[in-house]
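What the coordinates show
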Amino acid sequence: MSSVNEATVRERTDDLQEESTPSVFKNRNFLLLWGAALLSSFGISFFLFSQSWYVVNVLNLEASLGLIYIAASIPRLLFMIISGTVADRYDKTKIMFLSDFIRGLLLAGLVLWFLFGSITLWTFVGFAFFFGILDAFFWAAESAIIPSIVQKENLTRGNSIIQMTNQTSFILAPMLAGLLIAYGNYEIVFAVTAAMLLTASLLVISMKPKKDAEMEANKNKKFWKTFREGVTYVKDSRLLTLIVLATIFLNLFIVGPMTMGLPLFVKNILEGTAVDFSFLEAGLAGGMLIGSIVIGSLNVTKKRGKLTLLTLVLSGIAFIGLSFTTELWQSMVMLGLFGTFLSISNISSISAIQSMIEEKVLGRVMGLISLASMGLIPVSYALTSAVLSLGISIHHIMAAGSILVTLFASFVFLTFKELRELD
């Protein structure tokens, strides 16, 4: 009886604590991060959509599209090895500022290249390489800074708002970019992207997160000693190891086929145009937006491990359905379902990880988890390109990858109790 009473008291305490937690909308630092996320995601969505469609439709080099993704992924992978350690040793807002600011300058240079030079596949490969380096440091810093500006009880809601903002941008940006390409030109798209990233960098540098005492302590240690501490922390945690394996599998068998496959799917299976591609991207982003709204409204703080795995299984099933569609509306529906479940899975897992990890090693751990999850993406791109070169249709590749992910997520859910019970 006493244990029941203690559980009841704990639940009531948690409820009261959540009720007394200030709203994230009254948090100046979070609002600045939110604004920066809006501008960054909108701009990057413009760039990625326009870049992919230019290579496929203007250069007619669809089989070479994977080179761009590989060019971004390899430096991202290499620098992710140290990005988390850098985030724990230096000011995270400055790292994010420099990343957005430099990307903005690069895109301003791309506009000039369009005006006065000759754009080739290798132009985009070069830009992808530098974007990959900057991405590595930005992601580690962003993942580590959120818990320092948002209270623990609001982590799920804060992550969901950022995710929701990203997906809203990804709905509107591809549609607008598709129209600008159809009735305007690429220079306008990339100029707008540059302006947004430069403005985002100014918002980020205006943030004033709480002072991190551990950062100064980490700076006084040797760099590689700090790095090894993060590796040991992840290695000694069975739970983190399981999360790493699950994310590796997801990125290996779905990210490559989806990222490379959507423009090819539109052109070869749906026989569509740039506008059709933008609607398909909007369907995916719309689903992720719905998922973000759902989990943000619920602000889930319990059993996030079970929710992560169940929705991962459902997202795999939806992606299987996508691979067999032949009409635009069918593809949008299946991508919407896929995005909804994947968004819930991602936000649940990120919030659970941020809650369980000590803040002093958060940058390193998130950097290493990102490294592990992204590590096989270049392999995924290479495999997808290789299989495409053998004449196998993209929808068969997408179906095979999603079936493997669904089976793996189901196995993890049924086998590992500690991950199911993760809060």
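What counts, and at which threshold
- Residues numbered from 1 in each chain as written.
- Predicted model: local features only at pLDDT ≥ 70, side-chain atom pairs only at ≥ 80, totals over all residues.
- Heavy atoms only, no water.
- Phe/Tyr/Trp six-rings, centres within 6.5 Å; stacked < 30°, edge-to-face > 60°.
- Helix = DSSP H or I, 4+ residues; strand = E, 2+ residues; numbered from the N terminus.
- Buried < 20%, exposed > 50% of the residue type's maximum accessible area, 1.4 Å probe, protein only.
- Lys NZ or Arg CZ within 6 Å of the ring centre and 35° of its normal.
- Axes fitted to C-alpha atoms, helices over the stretch in contact; angles between N-to-C directions.
- Parallel < 35°, antiparallel > 145°, perpendicular 65-115°, else oblique.
- Left-handed = near helix turned anticlockwise from the far one by under 90°.
- Nonpolar A, V, L, I, M, F, W, Y, C, P; charged D, E, K, R; others polar.
- Contact = heavy atoms within 4.5 Å.
- 1 Å grid on protein atoms, 1.4 Å probe; cavity = no way out; pocket = protein on both sides within 12 Å on 5 of 7 lines; lining within 4 Å.
- Points joined across faces, edges and corners; volume = space filled by probe spheres on them.
- Domains from an automatic or database assignment.

- The protein is annotated in an unreviewed UniProt entry as MFS-type transporter of Halobacillus halophilus.

1. Describing the packing of aromatic side chains
- Inspection of every chain in the model, using the stated rule, returns 17 aromatic pairs.
- Between Tyr54 and Tyr186, the ring centres sit 4.8 Å apart and the planes meet at 90°, which makes this aromatic pair edge-to-face. Pair noted here: Tyr54 is in helix α2 (residues 28–58) and Tyr186 is in helix α7 (residues 186–205), with a separation of 132 residues, a long-range link.
- Among the residues examined, Tyr54 registers a relative accessible area of 10% and is labelled buried.
- For the pair Trp113 and Phe127, a centre-to-centre distance of 6.1 Å together with 55° between the ring planes defines the contact as tilted. Pair noted here: Trp113 is in helix α4 (residues 92–116) and Phe127 is in helix α5 (residues 121–149), with a separation of 14 residues, a long-range link.
- Chaining the aromatic ring pairs together yields one cluster made of Phe47, Tyr54, Phe114, Phe124, Phe131, Tyr186 and Phe190.
- Across the ring face of Phe138, the terminal group of Arg103 is positioned such that the distance to the ring centre comes to 5.0 Å.

2. Quick notes on the packing of helix α3 (residues 65–89) against α5
- In contact at an axis separation of 7 Å, α3 and α5 are set at 25° when each is read in the N-to-C sense. Here α3 lies roughly parallel to α5, going by the angle between them. The way α3 lies across α5 gives a crossing that is right-handed.
- Taken together, the residues that form the contact of α3 with α5 break down as 22 nonpolar, three polar and two charged.

3. Quick notes on the environment of Ala128
- Relative to the helices and strands, Ala128 resides in helix α5.
- The exposure class of Ala128 is buried, given its relative accessible area of 5%.
- Among residues more than four places away in sequence, those in contact with Ala128 are Ile68, Ala71 and Ala72.

4. Some words on empty space enclosed by the protein
- Scanning the entire structure with this criterion turns up two cavities of 30 Å³ or more.
- Size it by volume and the second largest cavity reaches roughly 30 Å³.
- Surrounding the second largest cavity, Met80, Ile81, Gly84, Thr85, Phe227, Arg364, Gly367 and Leu368 form its lining.
- For the lining of the second largest cavity, the secondary-structure elements that each account for two or more residues are α3 and α14 (362–374).
- At four residues, the largest contribution of residues to the lining of the second largest cavity is made by α3.
- Here the lining of the second largest cavity is composed, by residue class, of four nonpolar, three polar and one charged.
- Each of domain 1 (25–206) and domain 2 (223–421) accounts for three or more of the residues forming the lining of the second largest cavity.

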